[in-house]
Amino acid sequence: MSSTTTLNGVRLGRMIIAGANELAANKQLVDAMNVFPVPDGDTGTNMSLTVMAAAREAEKKGSLMAADVTKAASSGALRGARGNSGVITSQLFRGFAKGLEGLEEAGVKELAAAAEQAVKTAYKAVMKPKEGTILTVARGCAEAAAKLAEETEDIEVFLKGIIEYGHEVLAQTPEMLPVLKQAGVVDAGGRGLLYILEGALKQMGGDLPVTLNDGQSTAAAPEMDFASLASIENESITFGYCTEFFINVKDADEAVTTGLKSYLGTIGDSIVCVADDEIIKIHVHTDHPGLAIEKALTIGSLSGLKIDNMREQHTNKINFAGEAAAAPSAPVAAPVESAVEQPKKDVGFVSISAGEGLTNIFKNLGVDEVIEGGQTMNPSTEDILNAVDKINADHIFVLPNNKNIILAAEQAAKLSEDKKLHVIPSRSVPEGISAMFCFEADADPDEMEAAMKDAIKLVDTATVTYAVRDTSIGDKEIKEGNILGMLNDQIEVVADDVMEGTKELIKASIKDESEVVGIYYGADATEESAEELAAFIEENYPDCEVEVQSGGQPLYYYIISVE
């Protein structure tokens, strides 16, 4: 069998697609490794969505030019990047594309040079790179590529050697990051990267067409010893919110990105700040996402906003296995007449929520478009932009109402060309509802934005859900099926009974200065049970006004707002 010594655009495109398929098939295995300090809820899912976005663009391009295909993949990865691992993966694509710029075909020497450029670009994008992560594995692969390029011209042999050395580096990651060693896992992002390369290698077996699959994982996650994570306290997370978004710009000036990086360094860490021709991608861990957003708004419009509470992810990780399949095609509001056919108005509103009752509440408060989505179904940037396009207004407010959706909303704001999007970083439905009460038809949009951002700070959100596995967090022993009461994304109550657990959570949530309590009962709760809780509040906290409404939300028995 003759060896392959060069890759053109078609072959490279097929290898990218095969790599995306391989990661998609194994993303649950990667997700299972995704324990703190990995900042994203699902590293495998986030990486898979990112690489799928790259592969779609490569598939569309279909060029013989290697440079054209890798540039298209780079653009897709940047716009589709989700989570820290996804951002870094997109930068690996970006650097790789730079390394192949102008080339029709690439041999091992060109591929090795491109791999080196990929690593440089990814490291440069992260303000304080950590070893023991995907960056370390990528660097090891690039070093192996440089060595192997001097020993062989056979790309299949070349790629096999890179993967073998990559696994050696991956096995060392627990020695570089103590928390990985404590949890008994290797770095999830690094493993995801090797799945991509392994998929590409499989495609080397023959020059056969390959198509993207639906991203549904077929590999079951292994049993994990989550009890070993018990001593990893929430308090050890320096900054609580993983914040991501895009800034829409034209020809981003390096001085701007440098200045932005410096500012973000004053309010957080784990900073990624990378610029393309039209967008700047931001990732930062901070306790004040709003400050990062406000600073970014001075540079350009925002989109793709996503904010994750990393402490909640550590303590109460919900199974997001269906996200990859759902997210790219997350259902949006039903088609309506186009924006140009609607009466022009000053401001419009887009909100995200799950549950018929919550949708109706937002509609009654003046929201124009409600996107169905939430904890297990995060809408994409494109979903948000589609909703924005239906509203005939110059200023549109976007209420993500979920920490995981804020970055996608910010990314949409960056990409919106003819409308200014005001992203209110609401982390919960109660925050979104509180923000809408600031709506005044004749108010200045910027002043209303400021008022909304102030309003959401005054809301405490309590939620009641259930545990999906046995674990221990701090002094709390949690068994699968236990009722979990969360207050502002922290586990406050562990109980065996929904009603008793909710009452305990209410006691922890209501303060002396509390005035209004709202109870939104979910799909698995009843109006009668919600009224029982309201009576409990009225009896024990007579100074509080209580409102009960049907939310219809999945996963959560109750969402409770306290103001």
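Given the structure is predicted, the values throughout are model-derived calculations rather than measurements.

What counts and how
- Residues numbered from 1 in each chain as written.
- Predicted model: local features only at pLDDT ≥ 70, side-chain atom pairs only at ≥ 80, totals over all residues.
- Heavy atoms only, no water.
- Helix = DSSP H or I, 4+ residues; strand = E, 2+ residues; numbered from the N terminus.
- 1 Å grid on protein atoms, 1.4 Å probe; cavity = no way out; pocket = protein on both sides within 12 Å on 5 of 7 lines; lining within 4 Å.
- Points joined across faces, edges and corners; volume = space filled by probe spheres on them.
- Nonpolar A, V, L, I, M, F, W, Y, C, P; charged D, E, K, R; others polar.
- Pairing = 2+ DSSP bridges.
- Axes fitted to C-alpha atoms, helices over the stretch in contact; angles between N-to-C directions.
- Core = buried A, V, L, I, M, F, W, Y, C linked by side-chain atoms within 4.5 Å.
- Buried < 20%, exposed > 50% of the residue type's maximum accessible area, 1.4 Å probe, protein only.
- Contact = heavy atoms within 4.5 Å.
- Phe/Tyr/Trp six-rings, centres within 6.5 Å; stacked < 30°, edge-to-face > 60°.
- Lys NZ or Arg CZ within 6 Å of the ring centre and 35° of its normal.
- Right-handed = clockwise from strand over helix to strand, strands pointing away.
- Patch = residues over 30% accessible without salt bridge, like charges linked within 9 Å, V, L, I, M, F, W, Y side chains within 5 Å.
- Areas by Shrake-Rupley, 256 points an atom, 1.4 Å probe, with all protein chains shown as cover.
- Salt bridge = Lys/Arg side-chain N within 4 Å of Asp/Glu carboxyl O.
- Lys, Arg positive; Asp, Glu negative; His and termini not counted.
- Charge placed at Lys NZ, Arg CZ, Asp CG, Glu CD.
- Parallel < 35°, antiparallel > 145°, perpendicular 65-115°, else oblique.
- Left-handed = near helix turned anticlockwise from the far one by under 90°.

## What to know about the environment of Phe245
By the element assignment, Phe245 lies in strand β3 (residues 241-248). Sequence spacing of Phe245 and Ala296 is 51 residues, and the spatial spacing of their C-alpha atoms is 9.0 Å.

## Things to note about empty space enclosed by the protein
A complete count under the given rule lists seven cavities of 30 Å³ or more for this structure. If you add up the space inside the largest cavity, you get close to 610 Å³. Along its surface, the largest cavity is lined by 26 residues, and Phe96, Ala115, Leu159, Leu193 and Leu197 are the ones closest to its centre. At the level of elements, α1 (9-32), α4 (83-99), α5 (108-125), α6 (134-148), α7 (155-176) and α9 (188-203) are the ones that each hand at least two residues to the lining of the largest cavity. Its residues assigned to classes, the lining of the largest cavity shows 23 nonpolar, three polar and no charged.

## Let's talk about the sheet that holds strand β7 (residues 345-353)
Judged by pairing direction, the sheet is parallel, and its four strands sit side by side in the order β8-β7-β9-β10 without closing on themselves. With partners counted over all chains shown, the strands left at the sheet margins are β8 (369-372) and β10 (420-423), one partner each. Across the sheet, the mean angle separating the axes of adjacent strands is 20° when strand polarity is ignored.

## A look at unusual backbone geometry
A positive phi angle, close to 50°, is found at Asn488, a residue other than glycine. You can see Asn488 is positioned in the loop between β14 (483-487) and β15 (490-495). Look at Asp489: it is not a glycine, yet its phi comes out positive at around 75°. Mapped onto the fold, Asp489 is located in the loop between β14 and β15.

## Here we look at the nonpolar core
Counting 73 residues, the largest nonpolar core has Phe158, Leu159 and Ile162 as its most contacted members. The element contributing the most residues to this core is α5, with 10 residues. Those residues in contact with Ile162 that lie beyond four places of it in its chain are Cys141, Ala144, Ala145, Leu148 and Leu197. Counting 39 residues, the second largest nonpolar core, distinct from the first, contains Ile247, Ile271, Leu385 and Ile396.

## What about helix α17 (residues 429-436)?
Extensive coverage of α17 is indicated by the burial of eight of its eight residues. Where α17 is concerned, the buried positions are Val429, Pro430, Glu431, Gly432, Ile433, Ser434, Ala435 and Met436.

## A look at the packing of aromatic side chains
In total, this model carries three aromatic pairs according to the counting rule given. Centroid distance Phe349 to Phe397: 5.4 Å. Interplanar angle 25°. Geometry classified as stacked. Taken as a pair, Phe349 in strand β7 and Phe397 in strand β9 (residues 393-399) lie far apart in primary sequence, 48 residues in all. Phe397 shares its class with Phe349; the two are buried. Cluster of aromatic residues (ring-pair linked, three or more members): Phe349, Phe397 and Phe439. Looking at Arg191, its charged tip hangs above the ring of Tyr195, at a distance of 3.6 Å from the centre. In this structure, Lys295 is placed above the aromatic ring of Tyr263, and the distance from its NZ or CZ to the ring centre is 5.3 Å.

## Let's talk about the pairing of β8
Strand direction decides the pairing type here: β7 and β8, joined by four bridges, are parallel. Residue Val350 lies in a different strand from β8, and its bridge partner there is Glu369. The handedness of the β7 to β8 crossover, carried by helix α14 (residues 356-364), is right-handed.

## Observations concerning the pairing of strand β16 (residues 516-521)
Of all the six residues making up β16, five are buried; the element is thus mostly covered by neighbouring parts of the structure. The β-α-β motif built from β16, the intervening helix α20 (residues 527-540) and the parallel element strand β17 (residues 545-550) has right-handed crossover chirality. Pairing analysis gives five bridges linking β16 to strand β18 (residues 558-562), with the strands arranged antiparallel. Each bridged residue has a counterpart across the sheet, and for Tyr520 the counterpart in β18 is Ile559.

## Focus on the environment of Leu291
Mapping Leu291 onto the fold places it in helix α11 (residues 289-297). Judged by its relative accessible area of 36%, Leu291 falls in the partly exposed class. Sequence-wise, Leu291 and Leu264 are 27 residues apart; in three dimensions their C-alpha atoms are separated by 8.8 Å.

## Section: a negative patch on the surface
Together, Glu527, Glu528, Glu531 and Glu538 make up a region of like negative charge exposed at the surface. With respect to the helices and strands, Glu531 occurs in helix α20. A relative accessible area of 40% places Glu531 in the partly exposed class.

## A look at the pattern of salt bridges
Going through the model one piece at a time under the given rule, you end up with 18 salt bridges. With a shortest N-O distance of 2.2 Å, Asp368 and Lys345 are connected by a salt bridge. One end of the pair, Asp368, is in the loop between α14 and β8; the other, Lys345, is in strand β7, and 23 residues separate them in sequence. The exposure class assigned to Asp368 is buried, which follows from its relative accessible area of 19%. Residue classification places Lys345 among the partly exposed residues on the basis of a relative accessible area of 34%. Among the salt bridges present, the one from Lys507 reaches Glu504, with a minimum N-O distance of 3.3 Å.

## Considerations on the sheet that holds β3
The sheet built from four strands is open, its strands ordered β4-β5-β3-β6 with antiparallel pairing. At either margin of the open sheet sits one strand with a lone partner, and together these are β4 (268-275) and β6 (301-309). Between one strand and the next, the sheet's axes are offset by a mean angle of 10°, whatever the strand orientation. Sheet strands in contact with helix α10 (residues 254-267) are β3, β4 and β5 (279-286), and its direction is about 165° off that of β4.

## A few points about the packing of α1 against helix α2 (residues 43-61)
Where α1 contacts α2, the two axes come as close as 8 Å, and the packing angle between them is 165°. Taken together, the axis directions place α1 and α2 in an arrangement best described as roughly antiparallel. By crossing handedness, the relation of α1 to α2 is classed as left-handed. Counted together, Gly13, Ile16, Ile17, Ala20, Asn21, Leu23, Ala24, Lys27, Val30 and Asp31 of α1 and Thr43, Gly44, Thr45, Met47, Ser48, Val51, Met52, Ala55, Ala58 and Glu59 of α2 form the full contact between these two elements. Grouping the amino acids of the contact of α1 with α2 by side-chain chemistry returns 11 nonpolar, six polar and three charged.

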